[in-house]
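# Inside the fold
Read off the chains here:
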Amino acid sequence: MTHCLLFVVVENQETKEPMGFTLLSQRNPLDRNAEIGIALSEKWWGQGFGTEVMDWLVQYTFSGLALHRLSLCVWSSNERAVAMYEHLGFQHEGRIREAVWKEGKFVDKIWLGLLARDFHAAKSAA
């Protein structure tokens, strides 16, 4: 069974307008692993908000909650999201071919992961 560790409604700081949400979910607390996700309304895409929210959530996960690893799944057609996750340090861990029907064709799901030690090493090097 999956448990929601955190669910945050994301709002624009200036207008207080809801932009979307982000979440952390976990299956077994002993593993100290969590899955991370984000969904922003299309109006907010391409403006850096997703990167800002995900950077905050990754930092909170490893520094605040002291989890060991994060993982996520993204459609291969979402190239901007894949680039954002790579920028944040996530590494490709797997691909499920033609797993989702999207816009008239099958697309792959890509699994990415980030370990706490890699996150902390990158922050120390910066």
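Residues numbered from 1 in each chain as written. Predicted model: local features only at pLDDT ≥ 70, side-chain atom pairs only at ≥ 80, totals over all residues. Heavy atoms only, no water.

### Quick word on unusual backbone geometry
Although it is not a glycine, Lys16 sits at a positive phi angle of roughly 65 degrees. If you trace the backbone, Lys16 turns up in the loop between β1 (3–11) and β2 (18–26). One non-glycine residue, Glu103, lies in the positive phi region at around 50 degrees. For Glu103, the location among the structural elements is in the loop between β5 (91–102) and β6 (105–115). (Helix = DSSP H or I, 4+ residues; strand = E, 2+ residues; numbered from the N terminus.)

### Remarks on the environment of Glu35
Mapped onto the elements, Glu35 comes out in strand β3 (residues 33–40). With ten residues separating them in the primary sequence, Glu35 and Ser25 have C-alpha atoms 5.2 Å apart. When near neighbours in sequence (up to four residues on either side) are disregarded, Glu35 contacts Leu23, Leu24, Ser25, Arg27, Ser71 and Trp111. (Contact = heavy atoms within 4.5 Å.)

### Some points on the packing of aromatic side chains
In this structure the tally under the stated criterion is six aromatic pairs. Here the aromatic rings of Trp44 and Phe49 are separated by 5.6 Å at their centres, their planes lie at 85 degrees, and the arrangement is edge-to-face. Here the aromatic rings of Tyr85 and Phe90 are separated by 5.9 Å at their centres, their planes lie at 70 degrees, and the arrangement is edge-to-face. (Phe/Tyr/Trp six-rings, centres within 6.5 Å; stacked < 30°, edge-to-face > 60°.)

### A short note on the confidence of the model for the protein chain
Looking at the protein chain, pLDDT values average 94 and 100% of them are 70 or higher. Of all secondary-structure elements in the protein chain, the lowest mean pLDDT belongs to helix α3 (residues 116–125), at 91, while β6 reaches the highest, 98. (pLDDT = per-residue confidence, 0-100.)

### A few points about the pattern of salt bridges
As enumerated under the stated definition, the model contains five salt bridges in all. Of the charged contacts in the structure, one is a salt bridge between Lys43 and Glu17, with a shortest N-O distance of 3.0 Å. Of this pair, Lys43 sits in the loop between β3 and α1 (49–64) while Glu17 sits in the loop between β1 and β2; the two residues are 26 residues apart in sequence, bridging distant segments of the chain. For Glu17, a relative accessible area of 30% gives the class partly exposed. Ionic pairing is found between Glu93 and Arg69, a salt bridge with its closest N-O pair at 2.5 Å. You can see Glu93 sitting in strand β5 and its partner Arg69 sitting in strand β4 (residues 69–75), a full 24 residues away along the chain. (Salt bridge = Lys/Arg side-chain N within 4 Å of Asp/Glu carboxyl O. Buried < 20%, exposed > 50% of the residue type's maximum accessible area, 1.4 Å probe, protein only.)

### A short note on the sheet that holds β2
Reading across from one edge, β1-β2-β3-β4-β6-β5 is the order of the six strands in this open sheet, with mixed pairing throughout. For this open sheet the edge positions go to β1 and β5, each flanked by a neighbour on one side alone. Averaged over all neighbouring strand pairs, the angle between strand axes comes to 20 degrees, with direction disregarded. Direction of pairing for β1 relative to β2: antiparallel, over a ladder of eight bridges. For Val9, the partnering residue across the bridge sits in β2 and is Phe21. Across the sheet, α1 is in contact with β1, β2, β3, β4 and β6; its angle to β3 comes to roughly 160 degrees. Packed on one face of the sheet, helix α2 (residues 79–87) meets β3, β4, β5 and β6 and runs near 160 degrees to β4. (Pairing = 2+ DSSP bridges. Axes fitted to C-alpha atoms, helices over the stretch in contact; angles between N-to-C directions.)

### As for the nonpolar core
Ranked by internal contacts, the top residues of the largest apolar core, which has 23 residues, are Ile36, Val58, Leu70, Val74, Tyr85 and Phe90. Contributions of two or more residues to this core are made by β3, α1, β4, α2, β6 and α3. In this structure Val74 touches Ala81, Val82, Tyr85, Asp108, Lys109, Ile110 and Leu112, once residues within four positions along its chain are discounted. Counting five residues, the second-largest nonpolar core is a separate cluster that includes Val10, Met19, Leu40 and Val53. (Core = buried A, V, L, I, M, F, W, Y, C linked by side-chain atoms within 4.5 Å.)

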